[in-house]
Amino acid sequence: MTSLFQRHQLGELTLPNRVVMAPMTRVRAAAGGLATPSMATYYAQRATAGLIVSEGVQPSLIGQSNPGTPGLHTEEQQASWQPVTDAVHANGGRIFAQLMHGGRVSHPDTTGMRPVGPSAVPAVGDVFTPTGPQPAPVPRALETSEVPEHARSYADAARRAVGAGFDGVELHGANGYLISQFLSSNANLRTDGYGGSVAHRIRFAVEAVSETVEAVGAAHTGIRLSPGGTFWGVRESDVTELYTALLGELARLELAYVHLEATADEEVLVALRRAWPGNLVMNPVVPMGPKQTGRSEADHWLGLGADLISFGRAFIANPDLVERLRTGVPVAPVDEATYYQGGDAGYLTYPAHQYSA
């Protein structure tokens, strides 16, 4: 039986354990999408994870989903991340940047621009704006000639990420954001080469990943996916066929990993594990749900063939989560009211357990 605390080779990185800190939006960036000293402390506190994946980072201004999120599309933003990656590395950690283009999940009040998407179909629900939640607007459907530049935006941000000291990048292809919108059968109503058939709906994802691999190398590139997920109103027909086809194309690129969320039945996810020949990161609990990933869920998925297990909310209140899992010390509860409030309270104020010598 694979242990959560065994070493694992991930691309060019040797991970000391199989615990991954999942990407989580915390909206603590400074004006202009800059990373801050508090963010450096936050990630460095959690550097005992085998791998940290950062919060979603917009690869372009039009790709920004929420106010208060950081970017990687300007020189100033790139420079602001260097102290963060330095702090993680000084504490012995490894960190990938998650690149997240919000697509239609955005608002003009946040970016100054009308959001874009594969089709002029709005997301379901209210989006965050500087003045509070507002209904998701109808996005502008991208012209066929515009689509490649948005695929390239991930690669451009990846170059900046590596330039800022990140060990690699994870493309956010999940949870109803731009890549997920192209995979969708109800957000993507296109009739050109990027919509309709499974082969066409996976095209944007494959192009974005291919551009990124060319920019920073396959060993420094991963992708996160949510098969069958319904975030922001997306729906996917033929989930197993869709993701088997996508993983088949991605397998040729020899990525560092694929990161799956448990948004489909276990049978489907196990089939996708078999379809993917490389490293698999499994996130066993659906994001935004009531349950947190624990040791039992981690062990279950390691037994089913996952290589690494990602933990989300448990890392917020437990900077020493790896040691808590190792020793059986109870996982501390998180104060959900401080998720997005800004400031250091509920961000840097969770203590590590005092372990006996």
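Structure first, text after, so check above.
The rules we used
Residues numbered from 1 in each chain as written. Predicted model: local features only at pLDDT ≥ 70, side-chain atom pairs only at ≥ 80, totals over all residues. Heavy atoms only, no water. Helix = DSSP H or I, 4+ residues; strand = E, 2+ residues; numbered from the N terminus. Rg over C-alpha atoms; globule rule 2.2 N^0.38 Å. Contact = heavy atoms within 4.5 Å. Areas by Shrake-Rupley, 256 points an atom, 1.4 Å probe, with all protein chains shown as cover. Buried < 20%, exposed > 50% of the residue type's maximum accessible area, 1.4 Å probe, protein only. Salt bridge = Lys/Arg side-chain N within 4 Å of Asp/Glu carboxyl O. Pairing = 2+ DSSP bridges. Phe/Tyr/Trp six-rings, centres within 6.5 Å; stacked < 30°, edge-to-face > 60°.

**Digging into the overall build of the protein**
When you go through the protein residue by residue, the secondary structure sums to 12 helices and 14 strands. Rg of the C-alpha trace for the protein: 19 Å, near the compact-globule value of 21 Å for 357 residues, within the 12% margin. Dimensions of the protein, computed from C-alpha atoms along their principal axes, come out at roughly 65 × 45 × 35 Å. Pairs at least 24 residues apart make up 70% of the contacts formed inside the protein by residues separated by at least 6 positions. If you sum the accessible surface of the protein, you get close to 13300 Å²; carbon and sulfur atoms cover 52% of it.

**Points about the side chain of threonine 212**
With respect to the element layout, threonine 212 can be found in helix α7 (residues 203–216). Classification of threonine 212 as buried rests on a relative accessible area of 0%.

**A closer look at the pattern of salt bridges**
Applying the stated criterion across every chain yields a total of 10 salt bridges. In this structure, arginine 203 and glutamate 207 form a salt bridge, with 2.8 Å as the shortest nitrogen-oxygen distance. In this pair, arginine 203 and glutamate 207 are both assigned in helix α7, four residues apart and thus about one turn of the helix distant. Given a relative accessible area of 33%, arginine 203 falls into the partly exposed group.

**Quick notes on unusual backbone geometry**
Look at valine 27: it is not a glycine, yet its phi comes out positive at around 40 degrees. Mapped onto the elements of the fold, valine 27 is located in the loop between β3 (19–21) and α1 (37–45). Within the chain, aspartate 238 stands out as a residue other than glycine whose phi angle is a positive 55 degrees. Relative to the assigned elements, aspartate 238 resides in the loop between β11 (221–225) and α8 (239–251). Assessed through its relative accessible area of 47%, aspartate 238 is described here as partly exposed.

**A closer look at the pairing of strand β14 (residues 308–311)**
What you see with β14 is no split at all: Leu308 and Ser310 on one side and Ile309 and Phe311 on the other are buried throughout. Bridge analysis of β3 against β14 gives three bridges, and the strand direction is parallel. By the bridge assignment, valine 20 is partnered in β14 with serine 310. In the sheet, strand β13 (residues 280–283) pairs with β14 via two bridges, with the strands oriented parallel. Across the sheet, valine 281 pairs through a bridge with leucine 308, a residue of β14.

**Digging into the packing of aromatic side chains**
Per the stated rule, a full pass over the model turns up nine aromatic pairs. With a centroid separation of 4.2 Å and an interplanar angle of 15 degrees, the aromatic rings of tyrosine 42 and tyrosine 347 are classed as stacked. Within this pair, whereas tyrosine 42 is found in helix α1, its partner tyrosine 347 is found in the segment after α12 (321–327), the two being separated by 305 residues in sequence. Judged by centre distance (6.2 Å) and plane angle (70 degrees), the ring pair of phenylalanine 182 and tyrosine 194 falls under edge-to-face. Of this pair, phenylalanine 182 sits in helix α5 (residues 178–183) while tyrosine 194 is found in the loop between α5 and α6 (198–201), placing the two residues 12 residues apart along the sequence.

Limitation: the analysis is restricted to geometry and does not speak to function.
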